[in-house]
Amino acid sequence: MGPHYLHRILSARGIAIIGASERPESVGARVMENLRAMGYKGALHPVNPRHRRIMGHKCHPDVKGIDRPPELAVIATPAATVPEIVRQCGEAGVLGVIVMSAGFAEAGDDGVRLQEAMMEAARESGVRIIGPNCLGVIRPSQRINATFSRNTALPGHLALVSQSGAICTAILDWAEAQHIGFSLVASLGDAADVDFGDVLDYLALDPETRSILLYVEGIRHARRFMSGLRTAARMKPVIVIKAGRRGEGSRAAMSHTGALVGADDVFDAALERAGAVRADTVQQLFSAARMLSTGMRVRGNRLAIVTNAGGPGVMATDRAVELDVAITELSPDTLKLLDAALPGHWSHGNPVDVLGDADAARYETAISTCLQDPQVDGVLTMLTPQAMTDPDAVADVVIGASRGVRKPLLACWMGEHHVNAARAHFSEAMLPHFATPEASVEAFAFLAAHQRNQRLLLQVPGPLSDRSEADVDGARMIIEGALSEGRHILGSLEAKAVLSAFRIPVTQTLQAHTAGEALVAASTLGYPLAMKIASPDITHKSDVGGVRLNITGGEAVRKHFADMTQAAREARPDARIDGVTLERMYRGNYGRELMVGVLRDPVFGPVISFGSGGTSVEVLQDRAVALPPLNETIIRGMIGRTRVARLLERFRHMPPVDAAALEQVLLRISELVCELPHVTELDINPLIVDEHGLAAVDARIGVDFPSASAAPYAHMAIHPYPAYLVSQWQLSDGTPLTIRPIRPEDAQIEQAFVRGLSEQSRYFRFMQAVHELTPQMLVRFTQIDYDREMALIAVVDHDGSELQVAVARYTAYPDQRSCEFALVVADQWQRRGIGSHLMQALMQVAKSKGIALMEGEVIAGNTNMLTLMKHLGFSSRAQPGDEGVVWVGKQL
């Protein structure tokens, strides 16, 4: 792939300021002044028909009058003028525009129409838009400050991307005082065109950026956001702060799940699956960035604390408990070593209190001993300035101990005047240091969360498990039957039938419309029974007296039928009453009541919820959520985050539940929401699980028509592994090949494949001398986003393991209508039809995604590839200005 389209915009060799002015209080004047003050080296072109010169620069009546078209234009004119200006920019050859003007979608119907006109003009001319209603961008390395802020950004390696211009200015002001520098500051405003996904794509491979900070208020395009976030987080740390943490989602609480799951829960689940971490405050944002940008990594969350005062150790421990950071129990060997080296009154545990008179040598012993403990994942060293303690000497000890160790070592020097010099030492040594116990522990928690989420990022489940026997078609027909009748809530029997189609155990249920039918059903099922009101309009049956348990005889069946239906009609005269359902009571002695739910989040699509069940679920508020698709690793993590997880293990006289059966149900629910975009909500409450298995006792499913034009899995924020693309093929000599999409775990065979290529084949593929893939390239090639790129590999069995023999891949351009491809076949496997077969499969995938043009560049001397491209129907032409490269392309 060539450079990202944002590269030329953010390193523009010429900038037009449309709406430039001599009035110092105007937006255009502020932008001009900021570019001049930053020392911008390119050409500045003020555009204003009322002036001849502005700030010493020739002023143009319009952008088309500029002799050499600028690559970037900044628009600071009234909203009504913007669509025509964007059209003129496109005609003049401008690549991108920053629209600072307000008055678009945020201003009501008229603004929406203006925004639509602006975007239509941009699409016609190929111009990309940052904004509208934005502060602008700062690119310190290019000396670009195209904002109207009175702040600037120091050069550095942090990228800040924000929807709020005001937050950008506040963070810039704070960062300048902290001597924190940036590689990019981008205010996206309304993000009508360029949004988080686009900027994250660019930053993922930006060599100037080491860490990325995001300020998010809302997400419009979940799939693009998740794609960009997952791409960037694979390459470098991404820390996110989101406004509105405490706000509940705007959805009506139609079900237990809807009442429990807030939009903030879902956002957290999205970040976990994307490999990013979340901060709650601006200070935490930079603490996390400082910690993660050091390159430190941690294997677990077990922290040891070395301190010269008990109080700060307690404060750190309290914050660790709140953040689920484990204050680890030191090993017996470590305790013996510390006993021998420390005074008799040391704390004899973790935190390790080395006492107020500790010198540097005592600190050194405690720190090195804790670092060597296999039960310790990281060490926090704390110091309060006391009479017998030398903060500078201890700082030097900490810095020395950090060299050559793989475990993170953090410092917390409390105070101000007496510890300033020590903090300067830490800064020079690039060792993370903090002023408070809470901030120190939070920083370690970010490190642990990042490592945990990076492991989740590597999980790429398919939509269906390998052993799946789900009757997807049968379930779909049940749902479509209900929708054809105008119903959007399945009846109890229908809901359980859908669950059964996905092999989820359910209790046997019969429906009765009359008391006589209820007696027949009771005799069929056997006693004791549960009776529930049957109504598609009543969500919480117990609220209307619609649940009766432990019914033991025919007379009771008659009485409860009459009483229940009468009570339901009185409580809900508007509801349709379809009689009752009867089911056999659960007979086990050790069952636990759980709840599994699905909710369709308006941004991120289906979300799966798990937690304690029963009638008090809203009160207990014990749940965890995850975005599908799920696998066993993700499921275990989700269960482990709930309080009810402890009750699933052996508890007093109760045996542990069948954990495998519970995991299987959650896996089946994941399959259900992947394969049935019709499902808008689902409740299984209670799901009763014991040592022998489980059963869904009650279920409710809401359904709707899916989008007719939607691609497979378009309703999901995370595209599952496209297992449907796995195929078998045979060479002419009978050698069997498997053609399949690449997975993250293919990194080893991908690296071996590239190493095994001849020097010429590697040059033909990468157009430069490459011996093997760098770690960054390996991540980029194997951890792909199946929604907008694809890599099909051909593998053969080699002594019981897979050997990669070829790969064909494409990556879609931002327009999602065209893509660039690459193909390489191992030297000894060439001329056997593999390349042709792979390319045909790849073109079919691209076409199914709506891609119309596939193109690529081929070294002119690569005659075999050019011959293959001609055979496949690709046209070709010499690249202007580069006779050694041939462009090839094909309309799909």
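Residues numbered from 1 in each chain as written. Predicted model: local features only at pLDDT ≥ 70, side-chain atom pairs only at ≥ 80, totals over all residues. Heavy atoms only, no water.

J.: Explain the packing of aromatic side chains to me, please; I cannot follow it from the model alone.
T.: The geometry of an aromatic ring pair comes down to the distance between the two centres and the angle between the two planes. By the definition in use, this model includes eight aromatic pairs. Where tyrosine 721 meets tyrosine 786, the ring centres are 5.7 Å apart and the plane angle is 85 degrees; that geometry is what we call edge-to-face. With tyrosine 721 in the loop between strand S30 (699–703) and strand S31 (727–730) and tyrosine 786 in the loop between helix H26 (775–782) and strand S33 (789–798), this residue pair connects regions lying 65 residues apart in the sequence. Exposure remark for tyrosine 786: the relative accessible area of 3% places this residue in the buried category. Three or more aromatic residues link up through ring pairs in this structure, and these residues are Phe196, Phe225, Phe267 and Phe604. Between arginine 809 and the ring centre of phenylalanine 781, over which it is positioned, the NZ or CZ distance is 4.6 Å. (Phe/Tyr/Trp six-rings, centres within 6.5 Å; stacked < 30°, edge-to-face > 60°. Helix = DSSP H or I, 4+ residues; strand = E, 2+ residues; numbered from the N terminus. Buried < 20%, exposed > 50% of the residue type's maximum accessible area, 1.4 Å probe, protein only. Lys NZ or Arg CZ within 6 Å of the ring centre and 35° of its normal.)

J.: Even after reading the chapter, I still don't get unusual backbone geometry, so can you show me in this structure?
T.: Most peptide bonds are trans, and most residues other than glycine sit at a negative phi. Of note, the amide linkage connecting asparagine 350 to proline 351 takes the cis form, showing an omega dihedral of 10 degrees. Here the amide bond leading from tyrosine 527 into proline 528 is cis, since omega sits at -5 degrees, within 30 degrees of zero. Residue position: proline 528 is located in the loop between helix H19 (515–525) and strand S22 (529–533). Phi at aspartate 324 is positive, roughly 60 degrees, even though this residue is not glycine. Note that aspartate 324 resides in the loop between helix H11 (310–322) and strand S16 (326–327). Positive phi is not limited to glycine here, since methionine 430 has a value of about 60 degrees. When you line up the elements, methionine 430 lands in the loop between helix H15 (420–428) and strand S20 (433–434).

J.: It is not clear to me how the environment of valine 796 should be interpreted in this structure. Could you clarify?
T.: Topologically, valine 796 is positioned in strand S33. Valine 796 gets classed as buried once you look at its relative accessible area, which sits at 7%. The spatial distance from the C-alpha of valine 796 to the C-alpha of glutamine 730 is 10 Å, given a sequence separation of 66 residues. Discounting residues that sit within four places of it in the chain, valine 796 has contacts with Thr735, Pro736, Leu737, Ser801, Glu802, Leu803, Val805 and Trp829. (Contact = heavy atoms within 4.5 Å.)

J.: Looking at this structure, I do not really get the side chain of serine 21. What am I missing?
T.: Considering the arrangement of structural elements, one finds serine 21 in the loop between strand S1 (14–18) and helix H2 (27–38). Judged by its relative accessible area of 6%, serine 21 is buried. A polar side-chain atom of serine 21 sits 2.9 Å from the main-chain amide nitrogen of arginine 23. With residues near it in sequence (within four places) discarded, serine 21 still touches Ser26, Gly28, Ala29, Ile54 and Met55. (Polar contact = N/O pair within 3.5 Å; in protein donor to acceptor, adjacent residues only side chain to side chain.)

J.: What exactly am I supposed to notice about the pairing of strand S19 (residues 409–413) here?
T.: For a regular strand, side chains alternate in direction, first toward one face of the sheet and then toward the other. Counting buried residues in S19 gives five out of five residues, a clear majority hidden from the surface. Of the two faces of S19, the one carrying Leu409, Ala411 and Trp413 and the one carrying Leu410 and Cys412 are both buried. Direction of pairing for strand S18 (residues 378–383) relative to S19: parallel, over a ladder of five bridges. Bridging from a neighbouring strand, threonine 381 pairs with alanine 411 of S19. As a crossover connection, the stretch from S18 through helix H14 (residues 391–402) into S19 is right-handed. The sheet contact formed by S19 and S20 spans two bridges and is parallel. (Pairing = 2+ DSSP bridges. Right-handed = clockwise from strand over helix to strand, strands pointing away.)

J.: Even after reading the chapter, I still don't get the environment of histidine 653, so can you show me in this structure?
T.: Note that histidine 653 resides in the loop between helix H22 (632–640) and helix H23 (659–675). Using a relative accessible area of 59% as the deciding quantity, one classes histidine 653 as exposed. Between the C-alpha atoms of histidine 653 and tyrosine 590, which are 63 residues apart in sequence, the distance is 8.9 Å.

J.: Could you clarify how one ought to interpret the nonpolar core in this entry?
T.: Generally speaking, soluble globular proteins have nonpolar side chains that are buried together. Ile15, Leu214, Phe604 and Leu627 are the most contacted members of the largest nonpolar core, which totals 67 residues. In terms of residue count, helix H7 (residues 222–235) provides more of this core than any other element does, seven residues in total. Judged by nonpolar contacts, the second largest core, of 55 residues, contains Leu778, Cys819, Val845 and Val858. (Core = buried A, V, L, I, M, F, W, Y, C linked by side-chain atoms within 4.5 Å.)

J.: Mind showing me how you'd approach H7 here?
T.: Residues spaced three or four apart along an α-helix face the same direction, because each turn holds 3.6 residues. Taking 1.5 Å as the rise per residue, H7 with 14 residues should run 20 Å; its terminal C-alpha atoms sit 20 Å apart, in good agreement. Taken across its 14 residues, H7 has 13 buried, putting it largely inside the fold. (Expected span 1.5 Å × (residues − 1).)

J.: What exactly am I supposed to notice about the sheet that holds strand S13 (residues 238–242) here?
T.: Strand pairing in a sheet relies on backbone hydrogen bonds, with the paired strands running either antiparallel or parallel. Overall, mixed pairing links the seven strands, which are arranged S9-S8-S11-S10-S12-S13-S14 in an open sheet. Here the strands that pair on one side only, and so sit at the sheet edges, are strand S9 (144–147) and strand S14 (277–279). Pairwise comparison of adjacent strand axes, ignoring direction, gives a mean angle of 25 degrees for this sheet. Sheet topology note: the strand S10 (residues 154–162)/strand S12 (residues 211–216) ladder contains five bridges and is parallel. When the sheet's bridge partners are listed, serine 162 is paired in S12 with tyrosine 215. Most of the contacts of helix H9 (residues 263–274) go to S14, to which it runs at about 135 degrees, and overall it touches S12, S13 and S14. (Axes fitted to C-alpha atoms, helices over the stretch in contact; angles between N-to-C directions.)

J.: Sorry, what's going on with the confidence of the model for the chain here?
T.: Any residue range with low pLDDT should be treated as having predicted coordinates unsuitable for detailed reading. Summing up the model confidence of the chain, the mean pLDDT is 89 and the portion of residues at 70 or higher is 96%. Taken together, the stretch residues 247–262 has pLDDT below 50 and engages in 50 contacts with residues farther than four places along the chain or on a different chain. (pLDDT = per-residue confidence, 0-100.)

J.: Please explain the sheet that holds strand S24 (residues 580–584) as it appears in this structure.
T.: One open sheet accounts for four strands, arranged S21-S24-S22-S23; its pairing is antiparallel. Two strands close off the open sheet at either side, each with one partner strand: strand S21 (509–512) and strand S23 (547–551). The sheet shows a mean angle of 20 degrees between the axes of neighbouring strands, taken without regard to direction. Bridge count between S21 and S24: four bridges; the pairing is antiparallel. The residue bridging threonine 509 from the neighbouring strand is glutamate 583, located in S24.

J.: How should the environment of alanine 626 be read in this particular structure?
T.: Inspection of the secondary structure assignment puts alanine 626 in strand S27 (residues 623–626). Taking the C-alpha atoms as reference points, alanine 626 and isoleucine 608, 18 residues apart in sequence, are found 5.4 Å from one another. Among residues more than four places away in sequence, those in contact with alanine 626 are Ala269, Val607, Ile608, Ile634 and Met638.

J.: Before we go on, may I ask you to explain the packing of H11 against helix H16 (residues 437–457) in this structure?
T.: How two helices sit against one another is set out by the angle between their axes and by the gap between those axes. Two numbers describe how H11 lies on H16: the axes approach to 8 Å, and their chain directions differ by 40 degrees. Taken together, the axes of H11 and H16 are oblique relative to one another. H16 is crossed by H11, and the crossing has right-handed handedness. Here Pro312, Met315, Ala316, Arg319 and Ala320 of H11 come into contact with H16, specifically with Pro437, Glu438, Val441 and Glu442. A breakdown of the residues in the contact of H11 with H16 according to their chemical character gives six nonpolar, no polar and three charged. (Parallel < 35°, antiparallel > 145°, perpendicular 65-115°, else oblique. Left-handed = near helix turned anticlockwise from the far one by under 90°. Nonpolar A, V, L, I, M, F, W, Y, C, P; charged D, E, K, R; others polar.)

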